[in-house]
Amino acid sequence: MDINQIIDKVKQYNKKADISVLRKAYEFATIAHEGQLRLSGEDYIVHPLQVSMILAKLELDVVTIAAGMLHDVVEDTDVTLDEIRGEFGDETALLVDGVTKLSRIEFTSKEEQQVENLRKMFFAMAKDIRVILIKLADRLHNMRTLAHHPKEKQKEISRETLDVFAPLAHRLGIFRIKWELEDLALRFLESETYYDLVKKISMRRQEREEYINQVIGILDKELKKVDIKADISGRPKHFYSIYNKMVNKGLGLSEIYDLIAVRVIVNNVKDCYGVLGVIHALWKPIPMRFKDYVAMPKPNMYQSLHTTVIGPLGDPFEVQIRTWEMHRTSEYGIAAHWRYKNPTEEDADFEKKLTWLRQLLEWQRDMPDAKEFMESLKIDFFSDRVYVFTPLGDVVELPAGSVPIDFAYKVHTQVGHGCTGAKINGRIVPLDYELKTGDIVEIITSKGSGPSRDWLNTVQTSQAKNRIRQWYKKAEKEERLIRGREVLEKEIIKQGLKIADYTQNERVQEAGKKFNLFKPEDVYAAVGDGTITAKQVIQRIREKFFHDEQETEIPQIQPAREGKTSEGVRVKGVGDVMVRLAKCCNPLPGDEIIGYITRGRGITIHRKDCPNVSYYREEEGQRIMEEVYWGSDVEGVYRVALEIEAIDRSRLAMDIMNVVADAKTTINAINARAISNNLALVQLKIEVKSLEQMRHVMDKIGRIRDVLEVRRVIPKKEH
């Protein structure tokens, strides 16, 4: 391989190309990499030359091919990006910079690091799609020479190729690169399987070729009768594709229909359907094996008619029918649409073909979690697809396994929120119906309705999941805000104060600063979920704005003399007394309480409904203290025990722990066990600041799927 071969290739498809740029890039790279060797022992410059030839075979522009020649100089030599910019201009420097960042990506067994590196790669793609074309060419040549790496490294690079780069080539429609990447990866990941497959297919090669030649002869004769000019050839089947069908569908080699395949290339779309008619007249088509990607192209621009028929010897074979332009697109994908003559030509159409990439970058901003981003990538962009229609005939592309709710959110967020039912092909179906290619989908909506939490377990797309979560996040905040305002107003009335004095926005906002809350609505929401108490807000406002006034206490229980205790409990007529909260019932601020005088340990505070209180009344009634209550400025963290009864299932305890953590509540202990009738009992000990916070947590747990009841543990009698 030398630079002249690359120049000759470029001249074949672009006679006006500035060849001097390629020579200059080659000379620059040769000097920069001088003395460097690859693992194979070859001079390093062989690699940039091969990458550039792959790009030239994709018929890309001179700038991209030059950047391919220079793609490793900044990464592996002392050359700086500024030097590249000075010698070759901003456009080439942008591409080299993008690929340099990508080549630094080192995927490890740590999924987190791998996914974060993937994010960087997609951002580089967003700046200029040619970055990923250079990267794919780089990866392809590295895979061709992978045998020089240690076995462990071979498997690591091959797995990364199958997981990321081959699917990317597929999404970009560059099947020529995709197929070779997959076959090479399979060769290093499953060596025995790969070579066994090669051997078996090779043994039947002559038999297959004779059969294909017979089919081609018959078809060519019939097409000439109807005056259709066509190029007919056997289509090679790629090993990874065969392997995939054998593994995923549990098929034997003899059961794979398209081992024998024929490709027919014609001059126009009309002839495509003409050829199809001739084929179906000659041989019987197999039901459900016809696909029209001409009328309904794939998102990666692929177009062809596919049909599988029973051939002259009774064996099935596949036929692909396409025009020459469709064939070029199927081989080169997005690269076939790169404009080296007029970069502004058909820009809008080109950008439309990259909508999926823009969408990916938009959605990833809503996904700070790296693992979630990776799952989104696999489902939304690298999975199989279904193509369904709106009632007006527009095509909507979705991941395989999608349901009508996914379709609704794809159409519009508000359509998704308002979805109450769906019709498929005119018939009402459940919302968990799995969409199939060709379905006509109509969404039934209801004004004022909202999504169900259960939808999160049904939908496939990240778009739908994100929109549902955002809806609930907003709804829950509004709910907490309303509840918090009500709790605050009730407490203001209870303390005999004026609502207007304690609900002015600037006063509520000032009170919130003490708790790192800087908006009135944030203060109300915090009161609503129990993060802070209404009494704390009132006390802060009183200190800030009414410090000259005499403190107002609850009239009906105002003590003659009182003291604040360590637990925030006040005891009428007693000061500086030691107080502890009973562990049998774990009282919380807001609970009705009662005191019990212990010998040498001060006063123990119980809930009034604690069974032990009735025992104390009967046996030692003189030691009961009725007039104890929570102070208005009570602060602290209190333990509470909860029991959750639910239908037994996997991840139940994990879901409960996640919900409690989301409520910013600490878990002290959790115990889950199966009980009778397929039920589970989960016992939970958590730390809260108030009764309101406990109720908020219980409410959140109660909304978890399969949870039947949430209850605060009833105190057990100790005597």
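**Q** Please set out the overall build of the protein residue by residue, giving values where relevant.
**A** Across its full length, the protein holds 29 helices and 22 strands. Taking as baseline every contact in the protein between residues at least 6 positions apart, the subset at least 24 positions apart corresponds to 65%. Accessible area of the protein: about 35,700 Å², with a carbon and sulfur share of 48%.

**Q** Quick rundown of the confidence of the model for the protein? Include the residues and the values.
**A** Averaged over all residues, the pLDDT of the protein equals 80, while 81% of them reach at least 70. A low-confidence stretch, residues 102–110 (pLDDT under 50), is modelled with 20 contacts involving residues beyond four sequence positions or located in other chains. Counting contacts from residues 548–564, a segment whose pLDDT is below 50, to residues more than four positions away or on other chains yields 35 contacts.

**Q** An account of the sheet that holds strand S19 (residues 638–647) is needed here, citing residue identities and associated values.
**A** In sheet architecture, strand pairing relies on hydrogen bonds along the backbone and comes in two forms, parallel and antiparallel. Strand order across the open sheet formed by four strands is S20-S21-S19-S22, with antiparallel pairing between neighbours. Where the open sheet ends on each side, the last strands, each with one partner, are strand S20 (666–675) and strand S22 (707–712). Neighbouring strand axes in the sheet, compared pairwise and without regard to direction, differ in orientation by 20 degrees on average. Sheet topology note: the S19/S22 ladder contains five bridges and is antiparallel. When the bridges of S22 are listed, Glu643 appears paired with Arg711. Its contacts with the sheet place helix H29 (residues 691–702) against S19, strand S21 (679–688) and S22, and it is angled at close to 165 degrees to S22.

**Q** How would you explain the sheet that holds strand S11 (residues 441–445) if you had to name every residue and give the values?
**A** A sheet is described by the order of its strands in space; here three strands give the open sequence S10-S9-S11, paired in antiparallel fashion. Looking at strand neighbours, the two that pair on one side only are strand S10 (427–429) and S11, the edges of this open sheet. Across the sheet, the mean angle separating the axes of adjacent strands is 35 degrees when strand polarity is ignored. Examined bridge by bridge, strand S9 (residues 419–424) and S11 share five bridges and lie antiparallel to one another. Bridged to Gly421 within S11 is Ile444. Against the sheet, helix H20 (residues 404–411) makes contact with S9, S10 and S11, and its axis sits at roughly 80 degrees relative to S11, the strand it touches most.

**Q** If you had to explain the side chain of Ser52 to someone new, which residues and values would you point to?
**A** Mapped onto the elements, Ser52 comes out in helix H3 (residues 46–57). At 3.3 Å, the side chain of Ser52 forms a polar contact with the backbone oxygen of Ile65. Apart from residues no more than four positions distant in its own chain, Ser52 is found in contact with Ile6, Ile65, Gly68 and Met69.

**Q** Break down the side chain of Glu182 for me, with residues and values.
**A** Residue placement: Glu182 occurs in helix H11 (residues 175–189). Take Glu182: its relative accessible area is 9%, and that puts it in the buried class. Once residues within four sequence positions are removed from consideration, Glu182 is found in contact with Leu162, Ala166 and Tyr240.

**Q** Can you tell me about a negative patch on the surface, naming the residues and giving the values?
**A** A contiguous patch of negative charge, built from Glu207, Glu209, Glu210 and Asp315, is present on the exposed surface. Locating Asp315 in the fold gives a position in the loop between strand S5 (305–310) and strand S6 (316–323).

**Q** Account for helix H1 (residues 3–13), naming residues and giving values.
**A** All buried positions along H1 are accounted for by Ile3, Ile6, Ile7, Val10 and Tyr13. Take H1 and look down its axis: the buried residues cluster within an arc of 130 degrees, on one side only. Among the structural elements, helix H2 (19–32), H3 and helix H4 (62–70) are those in contact with the buried residues of H1. One side-chain oxygen at the N-terminal end of H1 lies 3.0 Å from the backbone nitrogen of Asn4; it belongs to Asp2.

**Q** Residues and numbers for the environment of Leu49, please.
**A** Here Leu49 is to be found in helix H3. If we skip the residues at most four places from it in the chain, Leu49 touches Met1, Asp2, Ile3, Ile6, Tyr26 and Met69.

**Q** Can you tell me about the pattern of salt bridges, naming the residues and giving the values?
**A** Counted under the stated rule, the structure contains 29 salt bridges. Where Lys544 meets Glu510, a salt bridge forms, and the shortest distance between an N and an O atom there is 3.8 Å. With Lys544 in helix H26 (residues 534–545) and Glu510 in helix H24 (residues 505–512), this residue pair connects regions lying 34 residues apart in the sequence. The exposure class of Lys544 is partly exposed, given its relative accessible area of 41%. Taken together, the salt bridges that share partners define one network made up of Glu479, Arg483, Asp699 and Arg703.

**Q** Just give me the short version of the environment of Ile424, but keep the residues and values in it.
**A** Its place among the elements puts Ile424 in strand S9. Put simply, Ile424 and Val388 are 36 residues apart on the chain and 9.8 Å apart in space, counted from C-alpha to C-alpha. With residues up to four places along the chain from it excluded, the contact list for Ile424 reads Val429, Tyr433, Leu435, Asp439, Ile440 and Val441.

Calculation notes
Residues numbered from 1 in each chain as written. Predicted model: local features only at pLDDT ≥ 70, side-chain atom pairs only at ≥ 80, totals over all residues. Heavy atoms only, no water. Helix = DSSP H or I, 4+ residues; strand = E, 2+ residues; numbered from the N terminus. Contact = heavy atoms within 4.5 Å. Areas by Shrake-Rupley, 256 points an atom, 1.4 Å probe, with all protein chains shown as cover. pLDDT = per-residue confidence, 0-100. Pairing = 2+ DSSP bridges. Axes fitted to C-alpha atoms, helices over the stretch in contact; angles between N-to-C directions. Polar contact = N/O pair within 3.5 Å; in protein donor to acceptor, adjacent residues only side chain to side chain. Buried < 20%, exposed > 50% of the residue type's maximum accessible area, 1.4 Å probe, protein only. Patch = residues over 30% accessible without salt bridge, like charges linked within 9 Å, V, L, I, M, F, W, Y side chains within 5 Å. Salt bridge = Lys/Arg side-chain N within 4 Å of Asp/Glu carboxyl O. Lys, Arg positive; Asp, Glu negative; His and termini not counted. Charge placed at Lys NZ, Arg CZ, Asp CG, Glu CD. Arc of directions from axis to C-beta.

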